[in-house]
Amino acid sequence: MARVIFYEKPGCKNNTRQKVLLTAAGHEVIAYSLLTEPWTVEKLRSFFGDRPVIEWFNKAAPSIKSGEVNPENINAETALIMMLRDPLLIRRPLMQVGDKREIGFDVEKIDAWIGLKAVDESLKQMSENLMQQDLQGCANGHNHKHDKGGCKHHGQEHQH
């Protein structure tokens, strides 16, 4: 079982589901707020590896959804500076186990990396159900647009 350093947006439903899945697999999850972490260019860059810059971005960030920011036309240096100013632009979650770092929550990739199979029979069905869900996109199971204030579908404002 791994000790997973997990950078999230507090209150994000998908981040909560991701932590439940990791915990059910027996991992210790140490969660930090992506929004209040004192990021440096070097620390943030270390999570992205050799991924294309466009994959570093949270497509649901308000400034991307509004068209204010277009990740397709941004180089690595500019992307990092923008993300330090507006952490909502960072694709979530950021995870670290030992020296290895990852972004996003690709179930197959994470299962191959640290394992996502439930350690307890009572958690198996829940884990299997979670692994069938899209844990990368909007957690609300619906396709809707977000206004500048965030998702209003649930009667409360929050950003994914």
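Above this note sits the structure.
The following refers to the structure shown. For clarity, every value in this text was computed on a predicted model and none was experimentally measured.

Considering the nonpolar core
For soluble globular proteins, nonpolar side chains are generally found buried alongside one another. Grouped together as the largest cluster of nonpolar side chains are 22 residues, with contacts concentrated most on Phe 48, Phe 57 and Leu 94. Counting residues per element, the ones that place at least two in this core are strand E1 (3–8) and helix H4 (76–85). When residues of this core are assigned to their parent elements, the largest contribution, 3 residues, is made by H4. Dropping the residues within four chain positions of it, Phe 48 is found in contact with Trp 56, Leu 80, Met 83, Ile 90, Leu 94 and Ile 103. With 15 residues, the next largest nonpolar core counts Ala 2, Ile 114, Leu 116 and Leu 130 among its residues.

Considerations on the sheet that holds strand E4 (residues 100–103)
Spatially, 4 strands are ordered E2-E1-E3-E4 in an open sheet, and the strand pairing comes out mixed. For this open sheet the edge positions go to strand E2 (28–33) and E4, each flanked by a neighbour on one side alone. On average, each strand axis in the sheet is inclined to that of its neighbour by 20 degrees, with strand direction left out of account.

Overview of the packing of aromatic side chains
Counting across every chain of the model gives 5 aromatic pairs. Ring plane angle 10 degrees and centroid distance 4.4 Å describe the contact between Phe 48 and Trp 56, whose orientation is recorded as stacked. Residue Phe 48 shares its accessibility class with Trp 56, and that shared class is buried. Chaining the aromatic ring pairs together yields one cluster made of Tyr 7, Tyr 32, Trp 39 and Phe 47. Against the face of Trp 39 rests Lys 43, its NZ or CZ located 5.2 Å from the ring centre. The ring of Trp 113 has Lys 100 sitting right over it, with the charged end atom 5.4 Å from the ring centre.

Description of the packing of helix H1 (residues 13–24) against helix H6 (residues 121–132)
At a closest axis distance of 10 Å, the pairing of H1 and H6 adopts a crossing angle of 135 degrees. In this view, H1 runs oblique relative to H6, as classed from their interaxial angle. As for how H1 packs across H6, the hand of that crossing is left-handed. Residues Arg 17, Val 20, Leu 21 and Ala 24 of H1 lie in contact with H6, whose contacting residues are Leu 123, Met 126, Ser 127, Leu 130 and Met 131. For the contact of H1 with H6, the class distribution of residues is 7 nonpolar, 1 polar and 1 charged.

Let's talk about the pairing of strand E3 (residues 94–97)
Side chains on a regular strand alternate between the two faces of the sheet. Because side chains alternate across E3, one face comprises the buried residues Leu 94 and Gln 96, and the other comprises Met 95 and Val 97, equally buried. As judged from the 3 bridges shared by E1 and E3, these two strands associate in the antiparallel manner. Its bridge partner being in E3, Phe 6 is matched across the sheet by Met 95. Pairing of E3 with E4 involves 4 bridges; the strand directions are antiparallel. Bridge pairing links Gln 96 to Arg 101 in E4. Between the antiparallel neighbours E3 and E4 lie 2 residues, among them Gly 98 with a positive phi of about 60 degrees.

Observations regarding H4
Listing the buried residues of H4 in full gives Ala 79, Leu 80 and Met 83. The buried residues of H4 occupy an angular sector of 95 degrees when projected down its axis, which confines them to one face. With respect to the buried face of H4, the exposed residues turned more than 90 degrees away are Glu 77 and Arg 85. In this fold, the buried residues of H4 make contact with helix H2 (41–45). Sitting at the amino-terminal end of H4 is Asn 75, which places a side-chain oxygen 3.2 Å from the backbone nitrogen of Glu 77.

What counts, and where the lines are drawn
Residues numbered from 1 in each chain as written. Predicted model: local features only at pLDDT ≥ 70, side-chain atom pairs only at ≥ 80, totals over all residues. Heavy atoms only, no water. Core = buried A, V, L, I, M, F, W, Y, C linked by side-chain atoms within 4.5 Å. Buried < 20%, exposed > 50% of the residue type's maximum accessible area, 1.4 Å probe, protein only. Helix = DSSP H or I, 4+ residues; strand = E, 2+ residues; numbered from the N terminus. Contact = heavy atoms within 4.5 Å. Pairing = 2+ DSSP bridges. Axes fitted to C-alpha atoms, helices over the stretch in contact; angles between N-to-C directions. Phe/Tyr/Trp six-rings, centres within 6.5 Å; stacked < 30°, edge-to-face > 60°. Lys NZ or Arg CZ within 6 Å of the ring centre and 35° of its normal. Parallel < 35°, antiparallel > 145°, perpendicular 65-115°, else oblique. Left-handed = near helix turned anticlockwise from the far one by under 90°. Nonpolar A, V, L, I, M, F, W, Y, C, P; charged D, E, K, R; others polar. Arc of directions from axis to C-beta. Polar contact = N/O pair within 3.5 Å; in protein donor to acceptor, adjacent residues only side chain to side chain.

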